[in-house]
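In case you want the letters, here they are:
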Amino acid sequence: MIVGILGAGQLARMIALAGYPLGLDFIFLDPSADACANKLGIHLLGDYNDPRLLAELAEQADVVTYEFENVPADVAAYLSAHTKVYPSPNALAVAQDRLIEKNYFQRLDIPTPDYVPVDSFAELEQAMTQIGWPAILKSRTQGYDGKGQSVLKSPDDLVAAWALLDSAPAIVEAFVPFDREVSIIAVRNISGSIVFYPLAENLHRGGILRVSESRDNDGMQAQAEVFVTRLMESLDYVGVLALELFEIEGQLIANEFAPRVHNSGHWTIEGAETSQFENHLRAILGLPLGATTAVGKTAMVNFIGGLPTCKDVLAIEHAHLHLYDKAPRKGRKVAHATVCADHVDSLVTRLDLLIKLAQQVDNS
Ligand code: AMP
């Protein structure tokens, strides 16, 4: 069985690593010659909309999936006319435009921050009279890890924020003074069964995820499951989906969803009975889903911009290192590490050590 993946970055790499024990082979389409999954399967090197490469991918792969959502919508549509594609191109289309995504949440009665679409500077000024200060201006498309975003604290920020967008269509949304950020990772298979992982509590800085910690019996788990179920059922979704949420005064507000495996689920490799990567493959291949139960307390730390030594990470008890085989560069995620523990106290001690290592190499 051959699985095709659009994108050959670290998420594709971890999907492939989870797929080999199941006897799967992989073919990736990615425009970057040094894409870090390329040692784990056939790498079709070229643009996502190269018709020759798309035809080859469709021909070779029994099923195609994505490792990121910003592939052109017509690419997914072309592939789904020629082979099985999960999740569906529709899920991709909703997730890749923040305005369509927020309208979709609203239709499903999933709360969002207040938002207004803006296509010109005049519309931005007008929108601010509705949204109020502070706010966040975000490009509608191609945004990830805080890219294409500016916080608007006062009218003085408007000109620079608008210039950064370079006339791209955008939305302005109310800044949520959240108590914490959480995400729920859920998996739905072809016959409609859904399983949920325990919530992850996430720490971002500069729009980039730094630390995720799995939560035991979190008070927000049930609410998050209701929202993600609504979303997956409405999209007739197949695969792993991550819904990112803000918690404020005991309420959850949706920020965005990712139609793919997600950084806040990397802890599941060591911390859950079945990893998000394996469960994504099980879902898209029509196999029974694996248990999502946490096997202890787990936290994950991203290494951004620079690499720690293997020795330093592995010297921390119950730490596991995942190097992505990517050259370190400012702001680039190049590795992550997970720490596990039976008790919260030991988790906190080990996590502190890991965070210190990450801070030493971080140049973002
Ligand atoms: P995003 O790319 O939309 O996931 O945003 C990246 C990060 O920016 C989020 O994880 C939050 O930490 C922060 N952020 C985004 N939107 C808002 C908002 N409306 N209010 C407060 N913080 C936000």
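This write-up is about the structure you can find in this document. What you see is a predicted model; the values in this text were computed from it and never measured. (Residues numbered from 1 in each chain as written. Predicted model: local features only at pLDDT ≥ 70, side-chain atom pairs only at ≥ 80, totals over all residues. Heavy atoms only, no water.)

## So, the sheet that holds strand 4 (residues 63-66)
Okay, step 1: Taking strand neighbours across the sheet as the criterion, the five strands line up as 3-2-1-4-5 in an open arrangement whose pairing is parallel. Edge positions in the open sheet fall to strand 3 (42-45) and strand 5 (84-85), since each of these has one partner strand only.
Okay, step 2: Bridge count for strand 1 (residues 2-6) against strand 2 (residues 25-30) is five bridges, and the pairing is parallel. From the neighbouring strand, Val3 faces strand 2, where its bridge partner is Phe26.
Okay, step 3: The sheet contacts of helix 10 (residues 276-284) involve strand 1, strand 2 and strand 4, and relative to strand 4 the element is tilted by about 140 degrees. (Pairing = 2+ DSSP bridges. Helix = DSSP H or I, 4+ residues; strand = E, 2+ residues; numbered from the N terminus. Contact = heavy atoms within 4.5 Å. Axes fitted to C-alpha atoms, helices over the stretch in contact; angles between N-to-C directions.)

## So, the nonpolar core
Okay, step 1: Counting 38 residues, the largest nonpolar core has Val3, Phe26, Phe28, Leu281 and Ile284 as the members making the most contacts within it.
Okay, step 2: When residues of this core are traced back to their parent elements, those giving at least two are strand 1, helix 1 (10-19), strand 2, strand 10 (180-188), strand 14 (239-248) and helix 10.
Okay, step 3: Counting residues per element, this core draws most heavily on helix 1, which supplies six residues.
Okay, step 4: For this core, the domains that each give at least three residues are domain 1 (2-85) and domain 3 (180-361).
Okay, step 5: If you look at the next biggest cluster of nonpolar residues, it comprises 26 residues, including Leu108, Ile110, Leu235 and Leu252. (Core = buried A, V, L, I, M, F, W, Y, C linked by side-chain atoms within 4.5 Å. Buried < 20%, exposed > 50% of the residue type's maximum accessible area, 1.4 Å probe, protein only. Domains from an automatic or database assignment.)

No statement about biological role is implied by the geometric values presented.
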